[in-house]
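# Examination of the molecular architecture
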Amino acid sequence: MKVECYDENGAAVYDMIVRHILQEVQVTRSIGDLRVYVDPREPLFIIVVKLEKASQPIVIEDFTEYEFNKAGNEMFIKIKDETYLPDLLEKLWEREGRNKIHQPNRYEVIIDDPTSDLEGLVVRDPQDDLKKKVYDAIFRIIPEGFRVIDHRSEDNIIALTCTDEMMKDEWLKKTDEIISEVKNE
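Here the structure is a predicted model, which means the values were calculated and not measured. (Residues numbered from 1 in each chain as written. Predicted model: local features only at pLDDT ≥ 70, side-chain atom pairs only at ≥ 80, totals over all residues. Heavy atoms only, no water.)

On to the layout of surface pockets, then. Within this model, the largest pocket holds a volume of roughly 200 Å³. Contributing to the lining of the largest pocket are D87, E90, K91, E94, V122, V123, R124, D125, D128, D129 and K132. A total of four residues in the lining of the largest pocket trace back to one element, the largest contributor, which is helix α2 (residues 85–96). For the lining of the largest pocket, the class distribution of residues is two nonpolar, no polar and nine charged. (1 Å grid on protein atoms, 1.4 Å probe; cavity = no way out; pocket = protein on both sides within 12 Å on 5 of 7 lines; lining within 4 Å. Points joined across faces, edges and corners; volume = space filled by probe spheres on them. Helix = DSSP H or I, 4+ residues; strand = E, 2+ residues; numbered from the N terminus. Nonpolar A, V, L, I, M, F, W, Y, C, P; charged D, E, K, R; others polar.)

Right, let's talk about the environment of L160 for a bit. With respect to the secondary-structure elements, L160 resides in strand β11 (residues 157–163). A relative accessible area of 0% places L160 in the buried class. C-alpha of L160 to C-alpha of A12: the two residues are 148 residues apart in sequence and 20 Å apart in space. The residues contacting L160, other than those within four sequence positions of it, are F45, I46, I47, Y135, I138, F139, I142, I149, D150 and H151. (Buried < 20%, exposed > 50% of the residue type's maximum accessible area, 1.4 Å probe, protein only. Contact = heavy atoms within 4.5 Å.)

Okay, the pairing of strand β1 (residues 2–5) next. As a general feature of sheets, a regular strand has side chains that alternate between the two faces. Residues V3 and C5 point to one face of β1 and are all buried, whereas K2 and E4, pointing to the other face, are not buried. Note that β1 and strand β2 (residues 31–39) share four bridges and pair parallel. Opposite E4, over in β2, you have Y37 as the bridge partner. (Pairing = 2+ DSSP bridges.)

Here D87 lies in helix α2. With a relative accessible area of 19%, D87 lands in the buried category.

What follows is about helix α4 (residues 169–184). Taking 1.5 Å per residue, 16 residues should reach 22 Å; α4 reaches 23 Å between its end C-alpha atoms and fits that length. Among the residues making up α4, those that are buried are W171, L172, T175, I178, I179 and V182. Take α4 and look down its axis: the buried residues cluster within an arc of 115°, on one side only. Every exposed residue of α4 that faces more than 90 degrees away from the buried side is listed here: D169, K173 and N184. Lining the buried residues of α4 we find β2, β3 (44–51), β10 (148–154) and β11. (Expected span 1.5 Å × (residues − 1). Arc of directions from axis to C-beta.)

Given below as C-alpha cells:
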C-alpha cells in the first residue's frame, strides 16, 4: 500500500485512515495492492485497488440435486446444504418469478413450469461479494464532498478519480499511470 501526497503528515494520516477502513470492512487480506494519490490543492483524490482472486463461484450443483418432473411440469430441488439456500431462492425468484417458487420445507424447493435451465447456475460469486466490500471501503475512504468521480474497473483492478470540480484530463492521465504501475507489479 502506498499513499502519495505532497504533505508527508497528510499522507501518514490518510495511510492510517485507509488501513483502519480496510480492517473495519474486513478486506485487508483480499487486496494485492492499493495506491492513493492525494492533492488537496487541486483538489484531487485517486485510489487504485488491485484485488486478489477470491474462491470459485458456488453453483447449484455444489449443494443440491434437482430433477424435472415432466408429468407435473415441475422442477424438484433437494437441498443438501442450507448455507446457500437464501442465495438460491433469490436467484430463482429473479429468473422464474416469486409466485412459481415453493418451499414446502427447508430441504426442498419446487419450481412450477420452469422456463430456464438450472445447470451451472451461479448461486454466489465470492469475487462479486469481495468487490462489493471493496467498493464500500473505497466510498468510505474518498474525501467527503468529492462527488465528481471517474470510475474504471477491469479484471481485478478498481480505480476512481475523485474531485469536487470539473474533471481534468491530466488527472485521468495520472490515474492511468498509477493503474499501469499497479498492473506491472
